[in-house]
Amino acid sequence: MKRWLVMCMLVLLLVTSGLALFPGEKVYACSCVESDVQERLKTQTTVFTGEVVNKGHSQQSKNDGMLREYTFDVDTAWKGVSAKKMKILGSDGGSESCGIQFEKNQSYLIFAYQNVLDHKLHTNLCSGNVPIEQAGDDLKLLGAGKVVSKEDFGETNDGQNGPLYLILSGAVVLLAALAIVWVWRRKKRI
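As the structure is a computational prediction, the values presented were derived from the model and not from experiment.

**Student:** Account for the state of the cysteines, naming residues and giving values.
**Tutor:** Applying the stated rule across the entire model yields one disulfide. Paired by a disulfide, C32 and C126 hold their sulfur atoms 1.9 Å apart. Judged by the sign of its S-S torsion, about -75°, the cystine formed by C32 and C126 is left-handed. Residue C32 is located in the loop between α1 (2-21) and α2 (37-43), and its partner C126 is located in the loop between β5 (121-123) and β6 (130-131); the two are separated by 94 residues in the primary sequence. The partly exposed category is assigned to C32, whose relative accessible area is 32%.

**Student:** How would you explain the pattern of salt bridges if you had to name every residue and give the values?
**Tutor:** When their charged atoms lie close together, side chains carrying opposite charge are able to pair. One pass over the structure, following the stated rule, counts four salt bridges. Across the pair D138 and R40 runs a salt bridge whose closest N-O atoms are separated by 3.4 Å. Note that D138 is positioned in helix α3 (residues 136-142) and R40 in helix α2, a separation of 98 residues in sequence. Both residues of the pair, D138 and R40, belong to the buried class.

**Student:** Could you give an account of a positive patch on the surface, with specific residues and numbers?
**Tutor:** Taken together, the side chains of R185, R186, K188 and R189 make up a positively charged region of the molecular surface. On the secondary structure map, K188 appears in helix α4 (residues 162-189). Residue classification places K188 among the exposed residues on the basis of a relative accessible area of 60%.

**Student:** An account of unusual backbone geometry is needed here, citing residue identities and associated values.
**Tutor:** Even without a glycine there, the phi angle at C98 is positive, about 65°. Tracing the backbone through its elements, the reader meets C98 in the loop between β3 (85-91) and β4 (107-114). A residue is classified by how much of its surface remains accessible, and C98, at 16% relative accessible area, is buried. With a phi close to 70°, N105 is a non-glycine residue in the positive phi region. Its place among the elements puts N105 in the loop between β3 and β4. For N105, a relative accessible area of 53% gives the class exposed.

Scoring rules and cut-offs
- Residues numbered from 1 in each chain as written.
- Predicted model: local features only at pLDDT ≥ 70, side-chain atom pairs only at ≥ 80, totals over all residues.
- Heavy atoms only, no water.
- Disulfide = S-S within 2.5 Å.
- Helix = DSSP H or I, 4+ residues; strand = E, 2+ residues; numbered from the N terminus.
- Buried < 20%, exposed > 50% of the residue type's maximum accessible area, 1.4 Å probe, protein only.
- Salt bridge = Lys/Arg side-chain N within 4 Å of Asp/Glu carboxyl O.
- Patch = residues over 30% accessible without salt bridge, like charges linked within 9 Å, V, L, I, M, F, W, Y side chains within 5 Å.
- Areas by Shrake-Rupley, 256 points an atom, 1.4 Å probe, with all protein chains shown as cover.
- Lys, Arg positive; Asp, Glu negative; His and termini not counted.
- Charge placed at Lys NZ, Arg CZ, Asp CG, Glu CD.

See the structure below:
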């Protein structure tokens, strides 16, 4: 009996010391850096108010966990809006993983950033999004935005920042043309 008790104590000692020496993977809860609405306006790619007109299905992303696509009918824009309807990918976890949920037919003040991997607009709990009913102070600080209509842009943006791609494409074409002219002139001199 004593031998059995000693063996149990040794096993228990080994298990507890193993847990102490090799702890499991650390898990971090969502932690957002506080920022005011003016700072979010400067740092985010897109800022607008709009109503959720479509709530897509949750899908696994390669790098960002679960994402859900939301389509917003934009009312007022402050920055980065290129269509009357904007598609935004929202982190679809719980608040502990910085996830955010938008409800269909509800209006929100939205702050979204362009993801460097997929070039689409993303948002999460830390972006500063709020239901329109709670956005009064933020809207005052943002000032007058531009009221958006279909005639201003087009009907839908797929979540990619179109004007940026047009500018970059134009710059590449211009640089290629300048390089061709430079090479042609240099050969002409020789």
